[in-house]
Amino acid sequence: EAECAAISNAVWASAEWQERRLGFNVTKSAKGCIRYFPSDNAVGAKTATLFLHGDVIHNGTSTDKELYDKLGSVKAQTDLANRLAKTSGMPIVRIARPGTYGSTGMNHKWRRQPIEAHLVNAAVTKIKEKLGYDRINLAGLSGGGGLVAALLSLGRTDVNCAVIGAGATNVKLRMQHYDYLTYSKGNDATGLPLSSVYDPVDRVGEVKPDPNRRVFSVGD
């Protein structure tokens, strides 16, 4: 936590939640340092769009490594935020999902899991408070789009607009159509059991009504 506090664009997030295991509720918790990369106009602004990137897949090839190294620096991530801010016309804050670009965690084991959803949700609150925003916009692509849906299902009431781009919002159904053999074995594409994933579609009823919020789900 002390090391995290020494990093300018990082927050220390902590979360606690309940999971159902073998018919019993089990208390789970997580803590970690989550990095974020604001566009130049996001600091001092009244609000911003917090962007959650897609899954970072590294299969060990030299091409994957070169791409990750290219995108992994603070400058590269900040440049991406500034480019998004220019094209969208609004301040942007890119959030590094757990296990990527300097954030705590294991990307392959945490993505689409409750630990990712709850830790990122806590980090969003911390980032919002640190940058002084009352309300925010959320946008995500692919795995990040699924996270946007997850954050809504965790009861956020501070979102003006949420945009889910090609998001994994119905993980089990996606696997049934995408890879039936893996689905029939009860596994997700991550190799983890489907029973353990945080599937936003199962929690639509937990999205709190908000007359000031708009939600767009864009897919192919």
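Okay, so let's go over this structure. (Residues numbered from 1 in each chain as written. Predicted model: local features only at pLDDT ≥ 70, side-chain atom pairs only at ≥ 80, totals over all residues. Heavy atoms only, no water.)

Let us look at the overall build of the chain. A tally of regular secondary structure across the chain gives eight helices and seven strands. Relative to the 2.2 N^0.38 estimate, which gives 17 Å for 220 residues, the radius of gyration of the chain is 17 Å and therefore close to what a compact globule would have. Dimensions of the chain, computed from C-alpha atoms along their principal axes, come out at roughly 50 × 50 × 40 Å. Taken over 220 residues, the chain has a buried fraction of 46%. (Helix = DSSP H or I, 4+ residues; strand = E, 2+ residues; numbered from the N terminus. Rg over C-alpha atoms; globule rule 2.2 N^0.38 Å. Buried < 20%, exposed > 50% of the residue type's maximum accessible area, 1.4 Å probe, protein only.)

Once that is clear, we can look at the sheet that holds strand E6 (residues 159-165). Spatially, seven strands are ordered E1-E2-E4-E3-E5-E6-E7 in an open sheet, and the strand pairing comes out mixed. Edge positions in the open sheet fall to strand E1 (10-21) and strand E7 (214-218), since each of these has one partner strand only. Mean inter-strand twist for the sheet, computed between neighbouring axes without regard to direction, equals 25 degrees. Bridge count between strand E5 (residues 136-141) and E6: six bridges; the pairing is parallel. Residue pairing in the sheet places Ile 136 in a bridge with Val 159 of E6. Helix H3 (residues 74-88) contacts strand E2 (24-38), strand E3 (49-52) and strand E4 (92-95) of the sheet and is inclined by roughly 140 degrees relative to E4. Strands E1, E2, E3, E4 and E5 of the sheet are contacted by helix H5 (residues 114-131), whose axis makes an angle of about 145 degrees with E1. (Pairing = 2+ DSSP bridges. Axes fitted to C-alpha atoms, helices over the stretch in contact; angles between N-to-C directions. Contact = heavy atoms within 4.5 Å.)

The final tally for this structure, using the stated rule, is one disulfide. The side chain of Cys 4 participates in a disulfide bridge whose partner is Cys 33; the two sulfur atoms lie 2.2 Å from each other. Of note, the bridge from Cys 4 to Cys 33 carries an S-S torsion of about 80 degrees and is right-handed in sense. Residue Cys 4 is located in helix H1 (residues 2-5), and its partner Cys 33 is located in strand E2; the two are separated by 29 residues in the primary sequence. A single burial state applies to Cys 4 and to Cys 33, both of which are buried. (Disulfide = S-S within 2.5 Å.)

Turning our eyes to something else, we now look at the packing of aromatic side chains. Aromatic ring pairs: the centre-centre distance and the angle between the two ring planes describe each pair. Summed over all chains, the structure comprises two aromatic pairs. The residue whose ring lies beneath Arg 174 is Tyr 178, and the NZ or CZ to ring-centre distance is 4.8 Å. (Phe/Tyr/Trp six-rings, centres within 6.5 Å; stacked < 30°, edge-to-face > 60°. Lys NZ or Arg CZ within 6 Å of the ring centre and 35° of its normal.)

Bringing the packing of H5 against helix H6 (residues 143-153) into the picture now. Orientation of H5 relative to H6, taken along the N-to-C sense of each, is 75 degrees, at an axis distance of 9 Å. The pairing of H5 with H6 is recorded here as roughly perpendicular in orientation. For the pair formed by H5 and H6, the contact residues are Glu 116, Ala 117, Val 120, Asn 121 and Val 124 on the first element and Leu 147, Ala 150 and Leu 151 on the second. A breakdown of the residues in the contact of H5 with H6 according to their chemical character gives six nonpolar, one polar and one charged. (Parallel < 35°, antiparallel > 145°, perpendicular 65-115°, else oblique. Nonpolar A, V, L, I, M, F, W, Y, C, P; charged D, E, K, R; others polar.)

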